[in-house]
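Residues per chain are reported as follows:
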Amino acid sequence: MKVYANQLATQLKKELAPVYLISGDEPLQLAECCDAIRTAARAQGYTGREVMHVERGFDWSELSTQANTLSLFAERRILELRFANAKPGVDGAKALTDYCERPAPDDLLLITMPKLESDATRSKWYAALDRAGVVVQVWPIEIAQLPGWIEQRMKRAGLQPGPEVVAMLTARVEGNLLAATQEIEKLRLLYGEGRIETEQLLAAVSDSARYDVFGLVDAALQGDAARVARILEGLRGEGEDPILVLWALSREIRALVGMSHAVHSGATVETAMIAGKVWDKRKPLVRQALARHTYPRWLMLHRRAAMIDQMIKGQAAGNAWDELLQLAELMAGVRMLRTVAG
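1. Re the layout of surface pockets
Here is step 1: If you add up the space inside the second largest pocket, you get close to 560 Å³.
Here is step 2: If you go around the second largest pocket, you meet 19 residues; those closest to its centre are Ala-5, Asn-6, Gln-29, Trp-149 and Arg-156.
Here is step 3: Within the residue set of the lining of the second largest pocket, elements represented by two or more residues are α1 (8–14), α2 (27–43) and α7 (146–156).
Here is step 4: Among the residues forming the lining of the second largest pocket, the class breakdown is eleven nonpolar, five polar and three charged.

Have a look at this one:
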């Protein structure tokens, strides 16, 4: 059964399905859907949890083994399958289809995947998941919808935005839902519930001494290597999760790979930025970045980001923070003696 993300809470109140598939590339909504499922499951006695990361070489017998293994304490469990990509392969497709035919009675299977392409939604394994449980495809919030989303989010947090507050906050977060949520939470902590005026929003922004990942991205795009180093040192000192830093850098690099490829193929920079849905206020920064590196070099930076992802997950040797610094400095135009082969 397919449901939209904003319908999931209603579905969870009605019944708990044996299988859930949550897919999409918007991290905040995906994480919140999963949290809602876990909360509902715990309320119905699913106290155990097993997490399996599906990557190259994953042994699909592990799914059936977990499903057929009784917990030591006879507890109901959540089995989580976290996919690195949206292609389970031949063995994975069969394992998922087989599981859906006979779901484990004391387990709930929660599957997370990146955005599904149209061919995946026509596959037998997808149809099996759709029949056996609930499928939620998370879609990014469109720019035109973002002000309404932010206003609703603020009201949910007990905040009543004054005139221009929503517009200012929309411009600040530039489409990033995680950043918007963080800003709203900061406003609630600073001022409590109630009305938020423009002056309060400006004060919260200007008084914040916290370096943030979005400032890091802007510094890298601007080519300010010294500021890149200062911000990254601040983030590390504050105990920020390196996966969040990598996510912000990777998100920008992926967009620049696409735009630089368009320019490489003959498009103008302006056309490429329009196709890439770049906000007007960010166009000068993006234009600088596109002029700084060629398409092959942005592609190399994308591969380097993938390598850092493996380090953070413990699947490759190296210091992730040192590599994040080099990645951001490379984006800013610093030439290293050694870089990943590209």
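2. Brief notes about helix α16 (residues 295–312)
Think of an α-helix as turning once every 3.6 residues; residues three or four places apart then point the same way.
Here is step 1: Here α16 contains 18 residues, and its C-alpha end-to-end distance of 26 Å stays within 8% of the 26 Å for a straight helix at 1.5 Å per residue.
Here is step 2: Listing the buried residues of α16 in full gives Tyr-295, Arg-297, Trp-298, Met-300, Leu-301, Arg-304, Ala-305, Ile-308, Asp-309 and Met-311.
Here is step 3: Gly-314 sits one or two residues past α16 and shows a positive phi near 80°.

3. Side note on the pairing of strand β2 (residues 19–23)
Here is step 1: Across the five residues of β2, five count as buried, placing the element largely inside the fold.
Here is step 2: Every second residue of β2 is oriented toward a common face, with Val-19, Leu-21 and Ser-23 on one face and Tyr-20 and Ile-22 on the other, all of them buried.
Here is step 3: Sheet analysis places β2 next to strand β5 (residues 107–113), joined by five bridges and oriented parallel. Residue pairing across strands places Leu-21 opposite Ile-111, the latter belonging to β5.
Here is step 4: In this structure, β2 lies alongside strand β6 (residues 134–137), joined through four bridges in parallel fashion. Looking at β6, one finds that Ile-22 is bridged to Val-136.

4. Here's the deal with helix α8 (residues 165–173)
Here is step 1: Inspection of α8 places Val-165, Val-166, Leu-169, Thr-170 and Val-173 among the buried residues, and these make up the whole buried set. Considered in projection along α8, the buried side chains sweep an arc of 130° and stay on one side of the axis.
Here is step 2: Two residues or fewer past α8, Gly-175 is found with a positive phi of approximately 90°.

5. Digging into the sheet that holds β2
In a beta sheet, neighbouring strands are held together by backbone hydrogen bonds and run either parallel or antiparallel to one another.
Here is step 1: Spatially, β1-β6-β2-β5-β4-β3 is the arrangement adopted by the six strands of the open sheet, whose pairing is parallel. Both outer strands of the open sheet, β1 (2–3) and β3 (46–54), are each paired with one neighbouring strand and no more.
Here is step 2: As judged from the six bridges shared by strand β4 (residues 76–83) and β5, these two strands associate in the parallel manner. What sits directly across from Ile-78, in β5, is Leu-108.
Here is step 3: Running at roughly 175° to β5, α2 makes contact with β2, β3, β4, β5 and β6 of the sheet.
Here is step 4: Packing against the sheet, helix α6 (residues 124–132) makes contact with β1, β2, β5 and β6, and its axis sits at approximately 115° to β6.

6. Some details on unusual backbone geometry
Here is step 1: The phi torsion at Lys-277 lies on the positive side, around 55°, for a residue other than glycine.
Here is step 2: Turning to its location among the elements, Lys-277 is positioned in the loop between α14 (269–275) and α15 (283–292).

What counts and how
- Residues numbered from 1 in each chain as written.
- Predicted model: local features only at pLDDT ≥ 70, side-chain atom pairs only at ≥ 80, totals over all residues.
- Heavy atoms only, no water.
- 1 Å grid on protein atoms, 1.4 Å probe; cavity = no way out; pocket = protein on both sides within 12 Å on 5 of 7 lines; lining within 4 Å.
- Points joined across faces, edges and corners; volume = space filled by probe spheres on them.
- Helix = DSSP H or I, 4+ residues; strand = E, 2+ residues; numbered from the N terminus.
- Nonpolar A, V, L, I, M, F, W, Y, C, P; charged D, E, K, R; others polar.
- Expected span 1.5 Å × (residues − 1).
- Buried < 20%, exposed > 50% of the residue type's maximum accessible area, 1.4 Å probe, protein only.
- Pairing = 2+ DSSP bridges.
- Arc of directions from axis to C-beta.
- Contact = heavy atoms within 4.5 Å.
- Axes fitted to C-alpha atoms, helices over the stretch in contact; angles between N-to-C directions.

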